Amino acid sequence: MSRSAPLGAPSEARNVLAITSFRRLWISLSLSSLGDWLSLLALMSLAVIFTADAAPLAGHLAVAAVVAIKLAPSILFSPLAGALAEKLDRRWTMVGADVVRGLLYVSIPVVGLLWPAFALQWLFIASLLAEVVALLWTPAKDSTVPSLVPRRQLAEANRLTLLAAYMTAPVAALLFAALASISNILGALVPSLANPEADIALYLNGLTFFVAAIVVATLPIPKHNPGLSAASPNRDGAVLSSVLTGPRHVGATALGRGLVVGLLTAVAAGAAVIGVGRAHVEALGAGNGGFGVLFAAVFGGVALGMVSGPRLLKKFSRRRLFGLVLVLASIALLFTGLVWDMVLSAVLVLVLGFGSGVAAGTGLRLLGTAAASTAGTTSEESVHRERAFAFVHGAARLTFLVAAVLAPVLAGLAGDHTVPIGAQLEYDLWGTGIVLTAVGLVALVLSAVAHRLVNRDDPEAGPGLLPELFAALRGIDPNADDGDGEVRTPGAFVVVEGGEGAGKSTQVRELTVWLRDQGFEVVGTRQPGATKLGMRLRGILLDRENSHITPRAEAMLYAADKADHVEQEILPALRRGAVVISDRYVDSTLAYQGAGRELEIDDLREVNRWATQNLVPDLTVLLDVRPQDGLGRLGGPADRIESESVDFHERVRREFRTLADADPDRYLVVDASEPREKITRQIQKRVRSLLPDPVPSSSEAVTGMIPIIRDED
Ligand SMILES: Nc1ncnc2c1ncn2[C@@H]1O[C@H](COP(=O)(O)OP(=O)(O)OP(=O)(O)O)[C@@H](O)[C@H]1O
Ligand SMILES: Cc1cn([C@H]2C[C@H](O)[C@@H](COP(=O)(O)O)O2)c(=O)[nH]c1=O
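Residues numbered from 1 in each chain as written. Chains lettered and ligands numbered in written order. Predicted model: local features only at pLDDT ≥ 70, side-chain atom pairs only at ≥ 80, totals over all residues. Heavy atoms only, no water.

- By the naming in an unreviewed UniProt entry, the protein chain is Thymidylate kinase, taken from Nocardiopsis coralli.
- Turning to the protein chain, the UniProt annotation filed under Function (unreviewed entry) states: "Phosphorylation of dTMP to form dTDP in both de novo and salvage pathways of dTTP synthesis."
- The UniProt entry for the protein chain carries this comment under Catalytic activity (unreviewed entry): "dTMP + ATP = dTDP + ADP". (UniProt positions renumbered as here; feature names shortened; annotations may be inferred.)

Rendered as structure tokens:
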């Protein structure tokens, strides 16, 4: 009998986790990732401990070597390993790799105990061998997931797998800190543990690999490998080539260049902390426990930033937010190098992580838009987006590697200094502190550059940065119209217009379902009659008994419906970031009451501008059909407006077309006599290009951070 999925998981995730074999694989992957992060912390700590008696530079170099060994092989050799793994049986590749890695990690403390003089060398050799084995394990694992879940749930399954890989980092760091805090007890209980918390972390890591091996051995993984690279593009395989070919997909616009500079700055800042963190906390007198806390602060801050970013200062420009949080993160890093206090350092690093996380979440969303703007056609758009994401992901990994390796080397070269301040006071300037402050300064400059680039051509720039920020802090929409301008919101407003029976409701329905399927929040609505008041007004307006309603009164009743609808339903949804699709809007008034009833169009515009708070659609889809054809499609008795003359409906049709011709950028005119499906495709194509950052599932496969964003949408 299948156990139920974990409680509390979002429903899509719950459905995937309800698949027993995937759930088992996922739990074992989460355990392995937890163990892997624990081992990184343990290895960096041991590198410092094993070189404690050598020159300070040796300790820094040892840490740099551990980082290089952990990160470089997958970046450099994955394409080769991917090709080899394709020829092997997936199940036994994974089982074998897990067992070998488990043994290698367990051997590190054992060798340290038996042959202390050989401990550091073995640490390097064993970790390198473990990473080489991981090169085979990763593509085997990537191609196993598609054979355990149905195709339609693959994107969610990949997202969960990536979440397991990254979200276990702060958990592992806290576990390591907890182990360090009881290291005395552990040492007393098991005297053979030379470095209790690091040794236990490595034994635990070994254990997680053995458990994973048992789980994988019992999974129903088909022996045949259905096109490893096609089923699951090897995320590591293309790192170098994506970095080389990617810039043209994002570098064409200032926005794209600024995003790349900013995102890589955030990565480098976090990597510098990881690289010098262990030695830095030693100087702060905090040891392994402090390192665990610092590590948890970086990754926990990033996760927090990515999750809460979309909700942060919702009324503030995303481009400005991107630059602002980068500056905040840089300043936090700059001060991390200057303070002597562990608690303060942890708080500053948390701020750094948070700022980087918000920048990453916001930046990756904007990146989709930047990449799409360099494309000529809709099909090119998705290619550009994919390549842009692959480029940023690859460049981020390289940047992390270089920064995390260089930072300890530079700290060793800079050395520790004591600066006299006056006669009595001295200021300790450690190599690690110098590096953190220097990286913080460089990051500050780069953040300013990124901010300038990203905001250079912002078509939606509101008032000045500070007025906008203060307004957003007070919860006021700085872009809300109080005069002539149009209202701007984070959501998208699409209107479907046309004569009677043109197929508006049909297309609104299709579009709503289609966008929801892609994870957008969509509000499908109509005029008149979406609100309580609107329903009553609709009853009055369409009732054939009410033939006495004068044209002006009719126009005002429709305007009242719009005022209520916009205020109560449309604007709140748009402010939440939803896509609102309305069956009819102001153009219907201009066409029916303006051309149909022959009222002054400019007067109607003015009244409706006021009634709708000047909310203008981002796109109006006009379904153009001959009145006879449209009316002929309708069943049932004609209502008060439908029963107007053909001449009336002809004038309405002409006015709709005149409105569309006057502003072609904001309109899509579709021949509504075409088959439904064809119309639907035309609308989808246009609407897709309008919406922000449609993260393609293939981009999720190359962007370990995106699942967090998607989950919070
Ligand atoms: N492209 C099409 N070709 C033929 N029939 C269609 C097409 N699109 C919709 N229809 C049909 O025409 C009828 C009216 O469609 P629908 O209710 O979507 O139109 P509408 O524009 O919303 O109408 P109304 O003006 O009454 O609001 C329905 O029976 C629908 O199935
Ligand atoms: C919004 C709006 C609508 N009308 C007319 C157009 C239609 O005849 C009805 C609405 O009913 P349907 O279900 O969309 O066919 O009202 C109008 O005259 N002015 C308007 O602003």
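## Some remarks on the site of ligand 2
- Within the structure, ligand 2 sits among 13 residues, and Glu500, Arg538, Tyr558, Arg584 and Thr589 are positioned closest to it.
- Note that an oxygen atom of ligand 2 is positioned 2.6 Å from one of the side-chain N or O atoms of Arg584.
- Here ligand 2, which alone exposes 470 Å², has 92% of that area covered by the protein.
- For the shell around ligand 2, the secondary-structure elements that each account for two or more residues are helix 20 (532-542), helix 21 (551-576) and helix 22 (586-596).
- Element by element, the count of residues in the shell around ligand 2 is highest for helix 22, at 4 residues.
- Looking at side-chain class alone, the shell around ligand 2 contains 5 nonpolar, 4 polar and 4 charged residues. (Near = heavy atom within 4 Å. Polar contact = N/O pair within 3.5 Å; in protein donor to acceptor, adjacent residues only side chain to side chain. Areas by Shrake-Rupley, 256 points an atom, 1.4 Å probe, with all protein chains shown as cover. Helix = DSSP H or I, 4+ residues; strand = E, 2+ residues; numbered from the N terminus. Nonpolar A, V, L, I, M, F, W, Y, C, P; charged D, E, K, R; others polar.)

## What to know about a nonpolar patch on the surface
- A contiguous nonpolar patch, built from Val110, Leu113, Leu114, Trp115, Phe118, Ile125, Leu129 and Tyr203 and spanning about 720 Å² of accessible area, is present on the exposed surface.
- Of all the secondary-structure elements, those providing two or more residues to the nonpolar patch are helix 4 (90-114) and helix 5 (119-148).
- The biggest single contributor to the nonpolar patch is helix 4, with 3 residues.
- Judged by its relative accessible area of 32%, Tyr203 is partly exposed. (Patch = residues over 30% accessible without salt bridge, like charges linked within 9 Å, V, L, I, M, F, W, Y side chains within 5 Å. Salt bridge = Lys/Arg side-chain N within 4 Å of Asp/Glu carboxyl O. Buried < 20%, exposed > 50% of the residue type's maximum accessible area, 1.4 Å probe, protein only.)

## Quick look at the site of ligand 1
- Taken together, the neighbourhood of ligand 1 is formed by 17 residues, with Gly503, Lys504, Ser505, Thr506 and Glu674 sitting nearest.
- Gly501 places a polar main-chain atom, nitrogen or oxygen, 3.0 Å from an oxygen atom of ligand 1.
- Backbone polar atom of Ala502 to an oxygen atom of ligand 1: 3.1 Å apart, as the coordinates give it.
- Compared with its free state, where it exposes 630 Å², ligand 1 has 72% of that area covered by protein.
- Per element, the largest residue contribution to the shell around ligand 1 is 3 residues, and it comes from helix 19 (residues 504-517).
- Residues belonging to the shell around ligand 1 are distributed by class as follows: 5 nonpolar, 5 polar and 7 charged.

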